[in-house]
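Spelled out, the chains give:
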Amino acid sequence: MSALPDESIAPAPDPGFQILRRLISMEQPGTLLAALVVCAFVVVAVLAPWIAPYDPLAQSYLRINAYPSSQHWLGTDQFGRDVLSRLIFGARNSLIFGLMAPTIAAIVGTTLGVIAGYFGGFIDRVISRLIDLLLAFPELLLAIMISAALGGGFWNVILVLSIAFIPGFARVARASTLAVRQEPYIEASVAAGLRTHTIILRHVLPNISAPVVVLMTLWVASAIRLEASLSFLGIGTRPPAPSWGNIIRDALGNIFGSPWPIIGAGFAITVVVLAFNVLGDALRDALDPDTA
Amino acid sequence: MLRTIGARLVDAVPTVLLVLSLVFVALRLLPGDPALVALGEYATQDQLALFRRQMGLDLPLWQQYFAFLRNMLMLDFGTSLVNQTPVIQLIRENLPYTIELTLVATGMGLVFGIPLGVVAAVNRNRWQDRGARIFSLVGYAIPDFYLGALLLIVFALNLGWFPINGGGTGFWDRMYHVFLPALTLAMVKTAFIGRLTRTSMLEVLGRDYVRTARAKGAREPRVIYRHGLRNALLPVTTGLGLSLLATLSGSVAIELVFNRPGIGEVLISAIAKRDYPVIQAGVVVFAFFVVAVNLLVDLAYAVVDPRIRVKA
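Residues numbered from 1 in each chain as written. Chains lettered and ligands numbered in written order. Predicted model: local features only at pLDDT ≥ 70, side-chain atom pairs only at ≥ 80, totals over all residues.

## Let's talk about the overall build of chain A
In step 1: A tally of helices and strands in chain A yields 12 helices and zero strands.
In step 2: Counting the 292 residues in chain A, one finds 45% classified as buried.
In step 3: Considering only contacts within chain A whose residues lie at least 6 apart along the sequence, 69% involve residues at least 24 apart. (Helix = DSSP H or I, 4+ residues; strand = E, 2+ residues; numbered from the N terminus. Buried ≥ 20, exposed ≤ 12 C-beta atoms within 10 Å, placed from the backbone. Contact = placed C-beta atoms within 7 Å.)

## Quick notes on the overall build of chain B
In step 1: Along chain B, the regular secondary structure elements total 13 helices and zero strands.
In step 2: When the helices and strands of chain B are listed from N to C terminus, the series reads α-α-α-α-α-α-α-α-α-α-α-α-α.
In step 3: Seen through its principal axes, chain B has C-alpha atoms that stretch 85 × 55 × 35 Å.
In step 4: Considering chain B as a whole, with its 312 residues, one finds that 39% of them fall into the buried category.
In step 5: Residue pairs in contact within chain B that sit at least 24 positions apart in sequence constitute 72% of those at least 6 positions apart.

## A closer look at the confidence of the model for chain A
Residue and element names in this part refer to chain A.
In step 1: Summarising the model, chain A shows a mean pLDDT of 83, and 89% of its residues fall at 70 or more.
In step 2: Looking across chain A, the model is least confident in helix H1 (residues 5-9), with a mean pLDDT of 46, and most confident in helix H5 (residues 83-119), with 91.
In step 3: Long-range and interchain partners of residues 1-10, a stretch whose pLDDT sits below 50, account for zero contacts in this model, where long-range means more than four residues apart. (pLDDT = per-residue confidence, 0-100.)

## Observations concerning the nonpolar core
In step 1: Grouped together as the largest cluster of nonpolar side chains are 156 residues, with contacts concentrated most on Ala143, Leu161 and Ile248 of chain A.
In step 2: Sequence-distant contacts of Ala143 of chain A, defined by excluding residues within four places in its chain, comprise Val160, Leu161, Ala164, Leu226 and Leu230 of chain A. (Core = buried A, V, L, I, M, F, W, Y, C linked by C-beta atoms within 7 Å.)

## Observations regarding the interface of chain A and chain B
Where the parts come together, the accessible area they lose is often given as the size of the interface.
In step 1: Residue-level contacts link 31 residues of chain A with 35 residues of chain B.
In step 2: Elements with a minimum of two residues in the side of chain A that touches chain B: helix H7 (139-150), helix H10 (196-233), helix H11 (244-252) and helix H12 (260-287) of chain A.
In step 3: Each residue belonging to the side of chain A that touches chain B can be placed in one class, and the counts come to 25 nonpolar, five polar and one charged. (Nonpolar A, V, L, I, M, F, W, Y, C, P; charged D, E, K, R; others polar.)

## Describing H11 of chain A
In step 1: Most of H11 of chain A is tucked away, with nine of its nine residues classed as buried.
In step 2: Close packing links the buried residues of H11 of chain A with H5, H10 and H12 of chain A together with helix H7 (144-158) and helix H10 (220-257) of chain B.

## Considerations on H10 of chain A
All names here are of chain A.
In step 1: Look at H10: only 45 Å from first C-alpha to last across 38 residues, short of the 56 Å you get at 1.5 Å a residue.
In step 2: At Ser209, H10 is bent by approximately 50 degrees, the largest bend along its length, and proline Pro211 sits one to four residues beyond.
In step 3: Downstream of H10 by one or two residues, Gly234 has phi in the positive range, about 85 degrees. (Expected span 1.5 Å × (residues − 1). Bend = angle between axes of the 7 residues up to and from the residue.)

## Comments concerning the environment of Ile247 of chain A
Residue and element names in this part refer to chain A.
In step 1: Relative to the elements of secondary structure, Ile247 occurs in helix H11.
In step 2: Remark: the alpha-carbon pair of Ile247 and Ala143, spanning 104 residues in sequence, is separated by 20 Å.
In step 3: Once residues lying within four places of it in the same chain are set aside, the contact partners of Ile247 are Arg86, Leu87, Gly90, Pro242, Pro261 and Ala265.

## Some thoughts on the packing of helix H5 (residues 87-122) of chain B against helix H11 (residues 263-273) of chain B
All names here are of chain B.
In step 1: Contact geometry of H5 with H11 gives a least axis separation of 7 Å together with a crossing angle of 130 degrees. When the interaxial angle is binned, H5 and H11 end up oblique. Across from Leu90, Ile91, Asn94, Leu95 and Thr98 in H5, the residues of H11 making contact are Ile263, Gly264, Glu265 and Val266.
In step 2: When the residues that make up the contact of H5 with H11 are grouped by side-chain class, the tally is five nonpolar, three polar and one charged. (Axes fitted to C-alpha atoms, helices over the stretch in contact; angles between N-to-C directions. Parallel < 35°, antiparallel > 145°, perpendicular 65-115°, else oblique.)

## Observations regarding unusual backbone geometry
In step 1: Here the bond from Pro239 of chain A into Pro240 of chain A is cis, since omega is 10 degrees, no more than 30 degrees from zero.
In step 2: Despite not being glycine, Leu75 of chain B shows a phi value in the positive range, around 60 degrees.
In step 3: Looking at the element boundaries, Leu75 of chain B is found in the loop between helix H4 (61-73) and H5.
In step 4: Residue classification places Leu75 of chain B among the partly exposed residues on the basis of 14 C-beta atoms within 10 Å.
In step 5: With a phi close to 65 degrees, Asn125 of chain B is a non-glycine residue in the positive phi region.
In step 6: Inspection of the secondary structure puts Asn125 of chain B in the loop between H5 and helix H6 (127-141).

## Topic: the confidence of the model for chain B
Residues and elements named next belong to chain B.
In step 1: Of all residues in chain B, 94% attain a pLDDT of 70 or more, and the chain-wide mean is 83.
In step 2: In the model of chain B, helix H13 (residues 306-311) stands out as the element of lowest mean pLDDT, 59, in contrast to H5, which has the highest, 91.
In step 3: Quick note on the complex model: pTM equals 0.84, ipTM equals 0.83.

## Notes on the environment of Leu157 of chain B
In step 1: With respect to the element layout, Leu157 of chain B can be found in helix H7.
In step 2: Remark: the alpha-carbon pair of Leu157 of chain B and Met187 of chain B, spanning 30 residues in sequence, is separated by 20 Å.
In step 3: Once you skip the residues sitting within four places of it in the chain, Leu157 of chain B turns out to touch Ile255 of chain A together with Leu152 and Ile164 of chain B.

Here it is, written out as structure tokens:
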């Protein structure tokens, strides 16, 4: 023991740093590549107005359905709008939905799940029944059905995506809360006379946060995909605002014009969703090595 | 067995009522006046009042609720606002195309997915397994409507091998029309089923009875198919229910890509035209599907696993 005096007094390595190191190591080139793609996506989305070569909404009837050229790298659509610029602004659209929907769903779903798991009884039965019912629906189907009632538009899409994701978060949060509720420190807190909301906020929430965070990262990809699907169906982001989904929708209606908007936008969705999925899986493995 | 079926059917009743209630809440109580949503902002007061009376929207909410439940359970969906055809007729004409697409796609997904999973599991960590993994990753990421559009552009538009729209008439023509759309959905499904089969196969191949089979001197194909795959297929059949519903929801976009008739196409164009009774019917039909498939999955569990049968 005395041979290793530094070991006991050295500060424990920051777990966040360790996770990052496990996540981004040269042993996993796939994960590294995925991380680079995600970074590139975020940079493009944030800097869209400065990167995009043209205004994504500017029409030019002199140049419609142009094929790729040095001026328009991905050509133009049926209104003469620059496809690349629309894709770049579409990235911004995707990033907003990809971040907002899982966040809102996590907040609402976790709240419901914690309430159900902590209090049990009648509340739990009602919430669980509702969650089970909603979980029987595939997310896309649920989203289509709610959109049918609400119609498209920014806030409606946010609402629809959030509702589609809430049951998943609620289930995970409920299961984790049930496990945490058995822990001695909860019993100790109750015995110490802490108020219920203090127990939930200070002792339950921090201990169920890991699975919720993993679920959030995994669902960024789902949210991006789902928003694209809804916009493709014409019940998501409303034209002329560019979304990767409605770019494909427009181009499919103009399929004899130019296939390039379809090819470009679809490629963008595939690569970004793939990268988020790979990164999400790696994060899950790093945070929770047991299940890897 | 009959008692199990009966118990599950009774179980499904509250689920159906709950689903219908949610649909009612979503369509009637969420923001906006349904009459205004249906007729648009430029409708006159008279038109709005007439619409409300026709749809029973001027009645008290609880009366509307029971009328809605009764109508939906009797499959009385009213008439379309756009062309006055009974909605049930629209559904009867279009539903077979959606079911056909979903079933053919699921069949193709099984035919491709199961061998893919077996090959990946048997050659764990070799190039076949890596290839299958990459295929699955891409399959999970690629949007089905994009894949469909690519297949449409290449095989229908440029090569002219397949029709670019319609559902076809007569058996062979219909199969010809359904091929590309089903292939699109099947490729996404193959990724899922392949993954499921691989995981399940790997678990089964590590079991004692597989080792025993090998020790007995059974040949490798027999070990893999008779002892391995037959047992590995259990979780696959149970995963099939969820994946059937995923394919059903995917069919909505695919019908749009290939300009095919179907329930998804009906629902989406009704949303665009704000054809309120058709929207309502489309949503209810999809909800019924979800309840029915889950019921079938429950029954399948009972058939496959005798322990559940005894418990129920």
